[in-house]
Amino acid sequence: HSVERFIREACNDPNVIAIKLTLYRTAKNSPFIPDLIRAAEAGKQVVVLVELKARFDEERNVELARRLEKAGIHVVYGVVGLKTHTKTALVVRQEGTALRTYAHIGTGNYNAKTADLYTDLGLFTCDPRITGDLVQVFHFLTGRSIATDFKHLLIAPTNMRRRFVQMIQREIDHCEAWQERGGDVNDPDRPYILAKMNSLEDEDICTKLYQASCAGVKIDLIVRGFCCLRPGVEGLSENIKVTSVIGRFLEHSRVYHFHNNGEGEYYIGSADWMYRNLNNRVECITPIYEPAHRKTLRHMLDVMLADERQAWDMHSDGSYTQRTPSDPNAATAIGTHRTLMDQTRLDQINAGV
């Protein structure tokens, strides 16, 4: 149920031959470190990328890197000129005569302390489409290759910006065809973009979203922090709504959804739509292929959009108004965090946990 367990099991498994991990921020007494040291001592190939320029954690990460190197772990420091912000782990296991690769790709740091306070998402997978790309990401980070593109993963600064722009443009193209068919604004097949992130600042992405709005694409943005895009401006962003959810936990996950003519696509990962994330950092965003996982993501996002307790609506002048419950007894009146916690408890009861 956790990345800590995933890494611990890999370190203890005699059939695992390699473990690779990126560390941006980690807790002071993280169990990752003794587990990885033990794995290296057992003869496994262990590679850890430590970001020395993680703000506020520079000194801790330098000490961590020295400790890992002393134990014989291959420590790398990323690509020159780029801060490595990915939250990724890769495990290579011998299974019979073949090698199988397992991976975790997340939205939050491998830090048990902040995991108590932040809401984040992570994907555990052995899908070769994703793990194959992630192998190439680690080759890129360790200097073994100069990756120019990836088939499935969105990696900054390689292909992420281009892919996001292409997907927004695709919704614009679909909207033009939809309008030619006489599409109604309440049509569930209306081209749609739904994105959740910490902050929105990138000028080119904002411009592209304005273009999509003018073309008729419906856009919902859930932006917890600062947002440089102005929604609801006549002739510019009338089809864009911006919501901020503030409450018991710090909303930290990044989720992107594109309607894609009814063949909806979902993505999660480490990057916001900010210039620094798209240009100056190594970031990783993964597609979510499993229908059940897509359903879970959509439920979470729908809860946030319907929230009448913790949600704030941004106006065209940049100000915000907190929503108030229309019915204090309605499900939407208890807020996103309590709603999702209650749902999790119910799921555990139903699963016999």
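In case you missed it, the structure is sitting above this.
So, here is what we can say about the structure in this document.

Attention now goes to helix α6 (residues 160-180). Across its 21 residues, α6 extends 31 Å between first and last C-alpha, which sits within 8% of the 30 Å expected from 1.5 Å per residue. Residues of α6 that are buried: Met160, Arg161, Arg163, Phe164, Met167, Ile168, Glu171, Ile172, His174, Cys175 and Trp178. Just downstream of α6 lies Gly182, where phi reads positive at about 80 degrees.

Turning our eyes to something else, we now look at the nonpolar core. Across soluble globular proteins, nonpolar side chains have a tendency to be buried as a group. The biggest cluster of nonpolar side chains holds 35 residues, and the ones touching the most others in it are Phe164, Leu200, Leu209, Leu221, Leu229 and Trp273. When residues of this core are traced back to their parent elements, those giving at least two are β9 (154-156), α6, β10 (192-197), α7 (203-215), β11 (218-223), β12 (240-245) and β14 (254-258). The dominant element in this core, judged by the number of residues it contributes, is α6, at seven residues. Every residue in contact with Phe164, bar those within four places of it in the chain, is listed here: Leu154, Ile205, Tyr256, Phe258, Trp273, Leu278 and Ile285. Leu49, Leu134, Val137 and Leu141 belong to the second-largest nonpolar core, a separate cluster that totals 32 residues.

With respect to the element layout, Asp13 can be found in the loop between α1 (3-12) and β1 (16-23). Of the residues examined, Asp13 reaches a relative accessible area of 18% and is grouped as buried. A distance of 2.6 Å separates polar atoms of two side chains, one belonging to Asp13 and the other to Arg93. Filtering out sequence-adjacent residues up to four positions away, Asp13 remains in contact with Lys44 and Arg93.

Okay, the sheet that holds strand β6 (residues 98-106) next. In space, the six strands of this open sheet follow the order β3-β2-β1-β5-β6-β8, with mixed pairing throughout. Among the strands making up the open sheet, the edge pair consists of β3 (74-76) and β8 (122-125). Neighbour-to-neighbour, the strand axes of this sheet turn through a mean angle of 10 degrees, independent of strand direction. Where β6 lies against β8, four bridges are found, and the strand directions are antiparallel. Directly across from His104, in β8, lies its bridge partner Phe124.

On inspection of all chains with the given rule, the structure shows seven aromatic pairs. Note on Phe164 and Tyr256: the rings are 4.8 Å apart at their centroids and 55 degrees apart in plane angle, and the pair reads as tilted. Here Phe164 is found in helix α6, whereas its partner Tyr256 is found in strand β14, with 92 residues between them in sequence. Under the relative-accessibility criterion, Phe164 is labelled buried at 0%. Residue classification places Tyr256 among the buried residues on the basis of a relative accessible area of 0%. A ring pair is formed by Tyr256 and Trp273, whose centres lie 4.9 Å apart and whose planes are at 35 degrees; its orientation type is tilted.

Right, let's talk about the packing of α1 against helix α2 (residues 32-41) for a bit. Following both chains from N to C, one finds α1 and α2 inclined at 20 degrees, their axes separated by 9 Å at the closest point. Classified by the interaxial angle, the pair formed by α1 and α2 is roughly parallel. For the pair α1 and α2, the sense of crossing is left-handed. Residue-level contacts link Val3, Glu4, Ile7, Arg8, Cys11 and Asn12 of α1 to Phe32, Asp35, Leu36, Arg38 and Ala39 of α2.

Moving on, we come to the pairing of strand β2 (residues 45-50). β2 sits mainly inside the fold: five of its six residues count as buried. In this structure, β1 lies alongside β2, joined through six bridges in parallel fashion. Bridging from a neighbouring strand, Thr22 pairs with Leu49 of β2. Bridge analysis of β2 against β3 gives three bridges, and the strand direction is parallel. Paired with Val47 across the strands is His74, a residue of β3.

Conventions we followed
Residues numbered from 1 in each chain as written. Predicted model: local features only at pLDDT ≥ 70, side-chain atom pairs only at ≥ 80, totals over all residues. Heavy atoms only, no water. Helix = DSSP H or I, 4+ residues; strand = E, 2+ residues; numbered from the N terminus. Expected span 1.5 Å × (residues − 1). Buried < 20%, exposed > 50% of the residue type's maximum accessible area, 1.4 Å probe, protein only. Core = buried A, V, L, I, M, F, W, Y, C linked by side-chain atoms within 4.5 Å. Contact = heavy atoms within 4.5 Å. Polar contact = N/O pair within 3.5 Å; in protein donor to acceptor, adjacent residues only side chain to side chain. Pairing = 2+ DSSP bridges. Axes fitted to C-alpha atoms, helices over the stretch in contact; angles between N-to-C directions. Phe/Tyr/Trp six-rings, centres within 6.5 Å; stacked < 30°, edge-to-face > 60°. Parallel < 35°, antiparallel > 145°, perpendicular 65-115°, else oblique. Left-handed = near helix turned anticlockwise from the far one by under 90°.

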